[in-house]
Amino acid sequence: MRIGIGLPNQVRDVHAPVIPAWARRAEEAGFATLGTTGRVAYPGVMDTVALAAAAGATTTIGLLSQVMVATTWPGALLAKEAASIDGVSNGRLTLGLGVGIREDDFVVPGHGPRDRGARMDRDLATYRSIWAGEPIPGSPNPAVPAGGRQVPLLFGANTPAAFRRMATSSDGYIAGSVPADLASGAFDAARAAWQAAGRSGQPRLIGLNYFALGDPDRGRANIADYYAATGQFQDLVVDNVHTDAESLRDAVKQFEALGADELILSPGTDDLDEITRLADIVL
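Computed from a prediction, not measured in an experiment: that's the story for all the values here. (Residues numbered from 1 in each chain as written. Predicted model: local features only at pLDDT ≥ 70, side-chain atom pairs only at ≥ 80, totals over all residues. Heavy atoms only, no water.)

### A few points about the overall build of the protein
- A tally of helices and strands in the protein yields ten helices and eight strands.
- In the protein, buried positions account for 51% of the 283 residues.
- When contacts within the protein are restricted to residue pairs at least 6 apart in sequence, long-range pairs at least 24 apart make up 74% of them.
- Positive and negative side-chain charges in the protein, numbering 24 and 32 respectively, have mean positions lying 6 Å apart. (Helix = DSSP H or I, 4+ residues; strand = E, 2+ residues; numbered from the N terminus. Buried < 20%, exposed > 50% of the residue type's maximum accessible area, 1.4 Å probe, protein only. Contact = heavy atoms within 4.5 Å. Lys, Arg positive; Asp, Glu negative; His and termini not counted. Charge placed at Lys NZ, Arg CZ, Asp CG, Glu CD.)

Structure representation (structure tokens):
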């Protein structure tokens, strides 16, 4: 199982210049992937910008949005941004997508929270068309340079529609930031949806957890603040923040036992030394 690390792009009031420095240090430490957590109505760095900054600061480490609230963007614009990040990173991007749950993230007129599931289904066709180099509707020109690729997709969430999209339109599934015993049921549902859709092989399965080693209290407080509008899920996530070596090693073993392909551990603070602390435990 691969081990990734999140960028601190959605730590409240993150010191933005830390993003490329974090990316470089994470790659040097040997992590497999850099992940971003994304929303609009929160004082952090936009996930597309964080991914682009990480792409420019690194050469080999994978890049993943975990997950991006895709329905807050017009489909053609997100498709072009994603293809651009994938291009400058030399094909290292995977888009983890969701339809979103917080209404205040939907700030673009005409792209509100209503009918966002149906809009996601339409946007998927737009992504594929643009990444194939087809002309933008109303223009003779494609949106992306020749020689690009279909950016790999993953889906999150636990609704029947999310599992359907995952199985029919992506490479796999991202579980929420929950303990392994809860992620187990979601992984099983993803496998079942994959099989029901007639897909061969197995879906790519990604687990997410949080950690806070240098300053556990501040890390938990930051994570609680980010999930403040999510009701009981906030307590579930905060109670599962890993603050010591034993807890982190147990989580790695548990997700590995579930058959996860990767576990990405996201930080509760933007302290660069957290990268070394984590690497010393899990790598």
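### Notes on the side chain of Asp86
- By the secondary structure assignment, Asp86 is in helix α3 (residues 75-88).
- For Asp86, a relative accessible area of 5% gives the class buried.
- Ignoring anything within four residues of it in the chain, the contact list for Asp86 reads Gly91, Arg92, Leu93, Arg149 and Val151.

### Topic: the pairing of strand β7 (residues 204-211)
- Taken across its eight residues, β7 has seven buried, putting it largely inside the fold.
- A crossover connection joins strand β6 (residues 172-174) to the parallel β7 through helix α6 (residues 180-196); in handedness this β-α-β unit is right-handed.
- Where β7 lies against strand β8 (residues 262-267), six bridges are found, and the strand directions are parallel. Paired with Gly207 across the bridge in β8 is Leu263. (Right-handed = clockwise from strand over helix to strand, strands pointing away. Pairing = 2+ DSSP bridges.)

### A short note on the pattern of salt bridges
- Using the criterion set out here, one finds eleven salt bridges in the structure.
- With a closest N to O distance of 3.5 Å, Glu262 and Arg204 form a salt bridge. Here Arg204 lies in strand β7 and Glu262 lies in strand β8, a separation of 58 residues in the sequence.
- Overall, Arg204 belongs to the partly exposed group, its relative accessible area being 26%.
- Between Arg277 and Glu274 there is a salt bridge, with its nearest N and O atoms 2.8 Å apart. (Salt bridge = Lys/Arg side-chain N within 4 Å of Asp/Glu carboxyl O.)

### Thoughts on the packing of helix α1 (residues 18-29) against helix α10 (residues 273-282)
- Between α1 and α10, the least distance of the axes is 9 Å, while the angle of their chain directions is 20°. For the element pair α1 / α10, the angle class is roughly parallel. The hand of the α1/α10 crossing is right-handed. Listed contacts from α10 to Trp22, Arg25, Ala26 and Ala29 of α1 are Asp273, Glu274, Ile275, Thr276 and Ala279.
- For the contact of α1 with α10, a count of residues per class yields five nonpolar, one polar and three charged. (Axes fitted to C-alpha atoms, helices over the stretch in contact; angles between N-to-C directions. Parallel < 35°, antiparallel > 145°, perpendicular 65-115°, else oblique. Left-handed = near helix turned anticlockwise from the far one by under 90°. Nonpolar A, V, L, I, M, F, W, Y, C, P; charged D, E, K, R; others polar.)

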